[in-house]
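Inside the fold
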Amino acid sequence: MTGFGVESALGKFDIVRRRDVFAGSLALGGLAAGRALASDPTGAGLPAGSGAGAKATGESERTALPGTIPPLVPIRAHVDQIVDIKVCLRPFRPMGPRLDVERIGDKLVVHNYGHGGSGWSLSWGSAEIAVGKALTALPRQVAVIGCGIVGLTSALVAQRAGLDVTIYTKDMLPHTRSVRANGSWTPDSRIALTTPAGPEFGDLWERMARYSWKSYRDYLGLPGNPIEFRDSYILSDKPFGSTQEFASTGPGDYASNGMPRSASEFAHYSDRIRDVIPAAEVIAGHDNPFPAAYAKREAVMIFNFGGYGHLLLSEFYQAGGKVVIREFHTPADLKGLKEKVVINCPGLAARDWWSDKTLIPVRGQTAWLPPQPDVKYGVRYNGVSALSKSDGILIQGFNASGLGEMDGVGNSFEHADRVEAENAVTTIGGLFSRFSPRRG
Amino acid sequence: MMAFNALRRRGVLLSACVVVGGLVCAPQVRGAERTGTVSYTAEQAEHGAALYKQNCAVCHGGTLDGAFDTPSLRGRLISNWSGTTLDKVFHYISKAMPLFAPGSLKPADNAAIVAFILRENDVAPGPRELPSDEGALKKISFPSVGGKRAKKTSSTSP
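Sequence positions are assigned chain by chain, starting from 1 and proceeding in written order. Chain letters start at A and ligand numbers start at 1, both assigned in the order the entries are written. Residues qualify for local features only when their pLDDT is at least 70, as the model is predicted, and side-chain atom pairs are given and counted only at 80 or more; totals for whole chains, interfaces and linings, by contrast, use all residues. To obtain the side-chain values, all non-hydrogen atoms of the structure were used and water was disregarded.

Below, the discussion takes up the overall build of chain B. Runs of H or I in DSSP of at least four residues are treated as helices and runs of E of at least two as strands, each being numbered from the N terminus. Counting its regular elements, chain B contains seven helices and one strand. Helices and strands appear in chain B in the N-to-C order α-α-α-α-α-α-α-β. In chain B, 73% of the contacts between residues at least 6 apart in sequence involve partners at least 24 apart. Only carbon and sulfur atoms are counted for the fraction: they give 59% of the accessible area of chain B, which is about 8,000 Å². Every residue pair with non-hydrogen atoms within 4.5 Å of one another is taken to be in contact. Each accessible area value is a Shrake-Rupley result obtained with a 1.4 Å probe; residue values ignore everything except the protein chains displayed when judging cover.

Here's what the structure looks like:
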């Protein structure tokens, strides 16, 4: 049930395609990385994307220019340095996030939840859609329920549309599930299952992803680096490009069980936007500073929870926003609100307060080490990712079970697994114990 | 203050009602005197659709959803123009659009595009064509209807 056991994945998680490079960034999303492994190196046979840009499918990968690998300070990854272990339950909906409109009594409720491992990545685009729907009711004020990344972003977008906004929430950002994510650009990590989402969802996804991608650019280069790009090195002992099959957790599929059974059921759309997403580049052997035979590098956009969260909240308050701490238990609780238009952003809590049984929790865990500001990059190796963020070194085993995107599906055990964390840290620690800095 | 609040509430309620009920409440646009009923013909909107594809879709997108730097012609469009009369949006389009050749379309074409946009925002067609002169359009309120109708449910339907 819990699917722990990193060791099972170690040693077989060494195949990474270019395409998963960015997707595999690590968000809770990063767990997404696993999925990439399942497909062939060319990307052929993936769900068709509309927008194949210049970086066409099947194009051979470019090799990084010699001398462009900067000196790399090794990551100090030791089990005795763990300062925190965070567990998050992703709010996964097989049909994709809920963005429809419902009328409850005298309230118009615009839903905005169920973004799986893609909530941070899609937050701006999803908020734009939700606020657009709210605006059709011509409100002057709206209530936003929930203050995770989707709620807070929706509140800001509503303010920018000229509305008075009150956020009603049980918890503020440090306590919401959002900050237990990985915090990297992973816009199609457990965002939907291909069949239940249907072919139309890809268009909606692309709209959200492109809108968010552009929105985030506004937060680059700011003091404290709320949003920044990091080089991520994807390392492997074996050549890239082989195919890895993921096991199923049982017979049938989502249609027959109400639960997905295989990583192959998960939808992937990232090919649609690769005209704007930096591609990975191969690092030639003599330039490769890592103790792994094969390496690639990609530029990944990351979200620093502290800097970005506080910034968004400051913007919200500066624009006159109010926060009311309040818990909702049934839709009837809306009756007491003064606002007639409500944007509902409860994340996984929709399962309880809105009785949305389509939500499936997907567990993910991150271990945190003290910040190492000299380390300005991340690595992925043997099913574990490490990433230097402003609030610490994040280490995550993203394929602990060997199930790819099925890892953690249906697991709502929201407690730290120390063994899993230590295994992940040890993998990275082992890598850097063999690292020769002068080659960097 | 009380009265103001009551009015605001009423405005929201009416608009919400419009969203739910489609056109039923359409004429009761908040803060606008109703001076005429919106009507456009299906053929006119169809002509507008073709013109849209040719002149507008390049920026506003095939589904009118806009993009990061281009306004959506649904959702926000309603709140942007509600409370005005239709001559305003017609005048704007006539003068400013398409962006790469402002003012290049004929009045009848611009009226057709307005008709198409209304259709795409769930305004039903009627027996008469939407006029293409600002004098006549000035008598017609921008209808307050939503792009998506809310489901009338009191319980959850995921």
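There is more to say, and it comes next.
Here we take up the pairing of strand β6 (residues 227–236) of chain A. All names here are of chain A. The element β6 is extensively covered by neighbouring structure, given that eight of its ten residues are classed as buried. A pair of strands counts as paired when DSSP detects no fewer than two bridges linking them. Pairing analysis gives ten bridges linking β6 to strand β8 (residues 294–303), with the strands arranged antiparallel. Within β8, the residue paired with Leu235 across the bridge is Ala295. The sheet contact formed by β6 and strand β12 (residues 377–381) spans five bridges and is parallel. Here the term buried applies to any residue with accessible area under 20% of the maximum for its type, exposed to any over 50%, and partly exposed to those in between, with areas from a 1.4 Å probe on protein chains only.

Residues and elements named next belong to chain A. A large share of strand β14 (residues 392–397) lies buried, amounting to six of its six residues. One ladder, built from three bridges, connects strand β11 (residues 360–369) with β14; its direction is antiparallel. Each bridged residue has a counterpart across the sheet, and for Ala367 the counterpart in β14 is Ile395. Of the pairings in the sheet, the one linking strand β13 (residues 384–389) to β14 comprises six bridges and is antiparallel in character.

Here we take up the packing of helix α4 (residues 149–160) of chain A against helix α8 (residues 305–318) of chain A. Residues and elements named next belong to chain A. Here an angle of 0 to 180 degrees is reported between the N-to-C directions of two axes, which are lines fitted to C-alpha atoms, with helices fitted over the stretch in contact. Contact geometry of α4 with α8 gives a least axis separation of 10 Å together with a crossing angle of 35°. Like other packed secondary-structure pairs, α4 and α8 cross with a definite hand, here left-handed. On the side of α4, the interface is formed by Ile149, Leu152, Thr153, Ala155, Leu156, Gln159 and Arg160, while α8 contributes Tyr308, Gly309, Leu312, Leu313, Glu315 and Phe316. Put simply, a crossing is left-handed when the front helix is turned counterclockwise from the back one by less than a right angle, and right-handed when it is turned clockwise.

Let us look at the state of the cysteines. Residues and elements named next belong to chain B. Whenever a pair of cysteine sulfur atoms sits within 2.5 Å, that pair is classed as a disulfide. Throughout the structure, instances matching the rule amount to zero disulfides over all chains. Cys59 carries a free sulfur, and the closest cysteine sulfur to it, the one in Cys56, is 8.7 Å from it. Overall, the relative accessible area of 34% leaves Cys59 in the partly exposed class.

All names here are of chain A. Relative to the helices and strands, Gly306 is located in helix α8. Judged by its relative accessible area of 32%, Gly306 is partly exposed. Sequence separation of Gly306 and Val179 is 127 residues, and the distance between their C-alpha atoms is 8.7 Å.

Moving on, we come to the pattern of salt bridges. Residues and elements named next belong to chain A. By salt bridge we mean one thing: a side-chain nitrogen of Lys or Arg within 4 Å of a carboxyl oxygen of Asp or Glu. Taken as a whole and judged by the stated rule, the model has 28 salt bridges over all chains. Of the charged contacts in the structure, one is a salt bridge between Lys107 and Asp106, with a shortest N-O distance of 3.9 Å. You can call Lys107 buried: its relative accessible area is 1%. Accessibility expressed as a relative area gives 28% for Asp106, which makes it partly exposed. A salt bridge links Arg272 to Asp203; the nearest nitrogen and oxygen atoms lie 3.2 Å apart. Of this pair, Arg272 sits in the loop between α7 (254–257) and β7 (281–283) while Asp203 sits in helix α6 (residues 201–217); the two residues are 69 residues apart in sequence, bridging distant segments of the chain. Each of Asp203, Glu206, Arg210, Arg272 and Asp275 takes part in one network of salt bridges that share partners.

Two strands in a sheet stick together by hydrogen bonds in their backbones, pointing the same way (parallel) or opposite ways (antiparallel). Residues and elements named next belong to chain A. Ordered by their spatial adjacency, eight strands build an open sheet running β1-β11-β14-β13-β12-β6-β8-β7, and the pairing between neighbours is mixed. Of all the strands in the sheet, just β1 (84–92) and β7 have a single pairing partner and so form its edges. Strand-to-strand twist of the sheet, defined as the mean angle between neighbouring strand axes without regard to direction, takes the value 25°.

Now for the nonpolar core. Nonpolar side chains in soluble globular proteins tend to end up buried together. By nonpolar core we mean a set of buried residues, namely Ala, Val, Leu, Ile, Met, Phe, Trp, Tyr and Cys, connected to one another through side-chain atoms within 4.5 Å. Membership of the largest hydrophobic core comes to 60 residues, with the highest contact counts inside it found for Trp120(A), Trp124(A), Tyr216(A) and Tyr308(A). Top element by residues in this core is helix α3 (residues 119–135) of chain A. It accounts for nine residues. Those residues in contact with Tyr216(A) that sit more than four places away from it in its chain are Trp120(A), Ser121(A), Ser123(A), Trp124(A), Trp185(A), Ile227(A), Met301(A), Phe303(A) and Tyr308(A). Core analysis: the next-biggest nonpolar cluster, separate from the first, contains 32 residues, Val38(B), Tyr52(B), Trp81(B) and Ala112(B) among them.

What pLDDT conveys is the predictor's confidence in a given residue, as a value from 0 to 100. When the pLDDT values of chain A are averaged, the result is 87; 85% of them are 70 or greater. Note on residues 1–58 of chain A: pLDDT under 50 across the span, and 195 contacts to partners over four residues away in sequence or across chains.

Moving on to helix α5 (residues 86–96) of chain B. Side chains of residues three or four places apart in an α-helix project in the same direction, reflecting 3.6 residues per turn. All names here are of chain B. Of all the residues in α5, the buried ones are Leu86, Asp87, Val89, Phe90, Ile93 and Ser94. Buried residues of α5 fall within an arc of 165° about the axis and therefore sit on the same side. On the buried face of α5, the contacting elements are α4 (76–81), α6 (107–120) and α7 (134–137). The reported arc concerns the directions from the helix axis to the C-beta atoms and nothing else.

What follows covers the confidence of the model for chain B. Residue and element names in this part refer to chain B. Summing up the model confidence of chain B, the mean pLDDT is 76 and the portion of residues at 70 or higher is 69%. Looking across chain B, the model is least confident in strand β1 (residues 151–152), with a mean pLDDT of 38, and most confident in helix α2 (residues 42–55), with 97. Predicted confidence is poor over residues 1–34, with pLDDT under 50, and the contacts of this stretch with residues over four places away or in other chains come to 57 contacts. Considering only residues more than four positions removed or in separate chains, one finds that residues 146–158, a stretch of pLDDT under 50, has 46 contacts.

Below, the discussion takes up α6(B). All names here are of chain B. Helix length check: α6, at 14 residues, gives a terminal C-alpha distance of 20 Å against a target of 20 Å (1.5 Å per residue), a fit within 8%. Counting buried positions along α6 gives ten out of 14 residues, so the element sits mostly inside the fold. Taken residue by residue, α6 has Asp109, Asn110, Ala111, Ala112, Ile113, Val114, Ala115, Phe116, Ile117 and Leu118 as its buried positions. The inward-facing, buried residues of α6 abut α2, α4 and α5. Two residues or fewer past α6, Asp122 is found with a positive phi of approximately 75°. Expected helix span is computed as 1.5 Å times (number of residues minus one).

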